[in-house]
Amino acid sequence: MQLGEKVSSFGYRCFTGCPNFQKVVFSADNSYLKFEDGCVLAKDGTVLYLRVSNTAAPEYTAPPTLATIGDYAFYGNVSLQKVTLPETVTSLGNGAFYQ
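All figures in this text were calculated on a predicted structure; none of them were measured in a lab.

A. Examining the overall build of the protein more closely. In terms of regular secondary structure, the protein is built from zero helices and nine strands. Its helices and strands in sequence order give the protein the pattern β-β-β-β-β-β-β-β-β, from N to C terminus. Burial status across the protein gives 35% buried among its 99 residues. The long-range fraction of contacts in the protein, counting pairs at least 24 apart against all pairs at least 6 apart in sequence, stands at 29%. Per element, the accessible surface of the protein, about 5,800 Å² overall, is 50% carbon and sulfur.

Structure representation (structure tokens):
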């Protein structure tokens, strides 16, 4: 999926029910969001909006800049077995790790 430069946030569970969804490509001019290691993050790495639910990797290590994990960010990540978070995380959204 390709998204333009004006997209600045994601609602929770926005790709629920999309079993073939694997990647988001943001416009090079998007100054708000990036796609990295199967996740949609704020460009500065402080907010994790979602991790693609069909990402096969069983482990995820968040960037050291992460402060906020959004609502249902890891929803449906049934293959995920281990998440490593930095001490900078101060906020976990509702249902952040709900299966």
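B. Representation of the pairing of strand 4 (residues 39–42) within the structure. With four bridges connecting them, strand 3 (residues 33–36) and strand 4 associate as antiparallel partners. When the bridges of strand 4 are listed, Leu 33 appears paired with Ala 42. Counting the residues between successive antiparallel strands, the hairpin from strand 3 to strand 4 contains two residues, one of them, Asp 37, with a positive phi of roughly 50 degrees. Bridging between strand 4 and strand 5 (residues 47–51) involves three bridges; their strand directions are antiparallel. Among the inter-strand pairings, Cys 39 is bridged to a residue of strand 5, identified as Arg 51. In this antiparallel pair of consecutive strands, strand 4 and strand 5, the connection spans four residues, and Gly 45 shows a positive phi of 80 degrees.

C. Summary view of a nonpolar patch on the surface. On the surface, Leu 85, Leu 92 and Phe 97 cluster together into a nonpolar patch covering about 260 Å² of accessible area. Among the structural elements, Leu 85 can be located in the loop between strand 8 (82–84) and strand 9 (91–92). Given a relative accessible area of 35%, Leu 85 falls into the partly exposed group.

D. Representation of the pattern of salt bridges. Scanning the model with the defined rule gives one salt bridge in all. Lys 34 is the partner of Glu 36 in a salt bridge, and the nearest nitrogen-oxygen pair spans 3.4 Å. A residue is classified by how much of its surface remains accessible, and Glu 36, at 29% relative accessible area, is partly exposed.

E. A look at the sheet that holds strand 4. The strand order across the open sheet formed by five strands is 3-4-5-7-9, and the pairing between neighbours is mixed. Both edges of this open sheet fall to strand 3 and strand 9, since each of them pairs with a single strand only. Pairing geometry for strand 5 and strand 7 (residues 68–69), over two bridges, is parallel. When the sheet's bridge partners are listed, Leu 48 is paired in strand 7 with Ile 69.

The rules behind the values
- Residues numbered from 1 in each chain as written.
- Predicted model: local features only at pLDDT ≥ 70, side-chain atom pairs only at ≥ 80, totals over all residues.
- Heavy atoms only, no water.
- Helix = DSSP H or I, 4+ residues; strand = E, 2+ residues; numbered from the N terminus.
- Buried < 20%, exposed > 50% of the residue type's maximum accessible area, 1.4 Å probe, protein only.
- Contact = heavy atoms within 4.5 Å.
- Areas by Shrake-Rupley, 256 points an atom, 1.4 Å probe, with all protein chains shown as cover.
- Pairing = 2+ DSSP bridges.
- Patch = residues over 30% accessible without salt bridge, like charges linked within 9 Å, V, L, I, M, F, W, Y side chains within 5 Å.
- Salt bridge = Lys/Arg side-chain N within 4 Å of Asp/Glu carboxyl O.

Purely geometric numbers; function is a separate question.
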